[in-house]
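# Geometric and topological summary
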Amino acid sequence: MTATDDDNAPARKITILGREFTMPRSRGARIAIGVLLTVGGILGFLPILGFWMIPLGLLILSYEFALVRRHRRRFVVWWQRRRRPD
């Protein structure tokens, strides 16, 4: 894939709590944001940073890496089964 292919690709969107957020078109920027959020979340005991950043960073990284995406999909399936009334 060339740089022009990445520019022509549709913008990826993340849906969190019913709201859609557009992610950067650049793969490198998405990876950097995901890693920074995850690492910042590990430092969640510090002011301003919080543990909420870890799942958000992993969610962003799941759009780039199959291993993380697989775990996200398993979690979504588990969550939907758990919420379904018997």
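Structure: above.
If you're wondering where the values come from, they're calculated on a predicted model, not measured in any experiment.

### Thoughts on the packing of aromatic side chains
- Tallied over the entire structure, the rule returns 3 aromatic pairs.
- Pairing phenylalanine 75 with tryptophan 79 gives two aromatic rings, centres 6.1 Å apart and planes at 25°, and the pair type is stacked. One end of the pair, phenylalanine 75, and the other, tryptophan 79, are both in helix α4 (residues 66-83), 4 residues apart, so they sit about a helical turn from each other.
- Overall, tryptophan 79 belongs to the partly exposed group, its relative accessible area being 33%.
- Judged by centre distance (6.0 Å) and plane angle (50°), the ring pair of tryptophan 78 and tryptophan 79 falls under tilted.
- Grouped by ring-pair contacts, the aromatic residues Phe75, Trp78 and Trp79 constitute a single cluster.
- Just above the ring of tyrosine 63 sits the side chain of arginine 72; from NZ or CZ to the centre is 5.0 Å.

### What to know about the side chain of arginine 30
- Counting through the fold element by element, arginine 30 comes out in helix α2 (residues 27-42).
- A polar side-chain atom of arginine 30 sits 2.8 Å from the main-chain carbonyl oxygen of proline 24.
- Looking at arginine 30, its side chain comes within polar contact range of the side chain of glutamate 64, at 2.5 Å.
- Beyond its immediate sequence surroundings of up to four residues, arginine 30 is in contact with Arg12, Met23, Pro24, Arg25, Ile60 and Glu64.

### Comments concerning the nonpolar core
- If you look at the biggest cluster of nonpolar residues, it comprises 5 residues: Ile14, Met23, Leu37, Met53 and Ile60.
- Excluding residues that lie within four positions of it along the chain, isoleucine 14 makes contacts with Arg19, Glu20, Phe21, Met23, Leu59, Ile60 and Tyr63.

### What to know about the environment of methionine 53
- With respect to the helices and strands, the residue methionine 53 is situated in helix α3 (residues 53-62).
- The class of methionine 53 is buried, set by a relative accessible area of 8%.
- For methionine 53, the contacting residues outside a window of four places in its chain are Leu36, Leu37, Thr38, Gly40 and Gly41.

### Considerations on the pairing of strand β2 (residues 19-22)
- Where strand β1 (residues 13-16) lies against β2, 4 bridges are found, and the strand directions are antiparallel. Within the sheet, the bridge partner assigned to isoleucine 14 lies in β2 and is phenylalanine 21.
- In this antiparallel pair of consecutive strands, β1 and β2, the connection spans 2 residues, and leucine 17 shows a positive phi of 55°.

Definitions and cut-offs
- Residues numbered from 1 in each chain as written.
- Predicted model: local features only at pLDDT ≥ 70, side-chain atom pairs only at ≥ 80, totals over all residues.
- Heavy atoms only, no water.
- Phe/Tyr/Trp six-rings, centres within 6.5 Å; stacked < 30°, edge-to-face > 60°.
- Helix = DSSP H or I, 4+ residues; strand = E, 2+ residues; numbered from the N terminus.
- Buried < 20%, exposed > 50% of the residue type's maximum accessible area, 1.4 Å probe, protein only.
- Lys NZ or Arg CZ within 6 Å of the ring centre and 35° of its normal.
- Polar contact = N/O pair within 3.5 Å; in protein donor to acceptor, adjacent residues only side chain to side chain.
- Contact = heavy atoms within 4.5 Å.
- Core = buried A, V, L, I, M, F, W, Y, C linked by side-chain atoms within 4.5 Å.
- Pairing = 2+ DSSP bridges.

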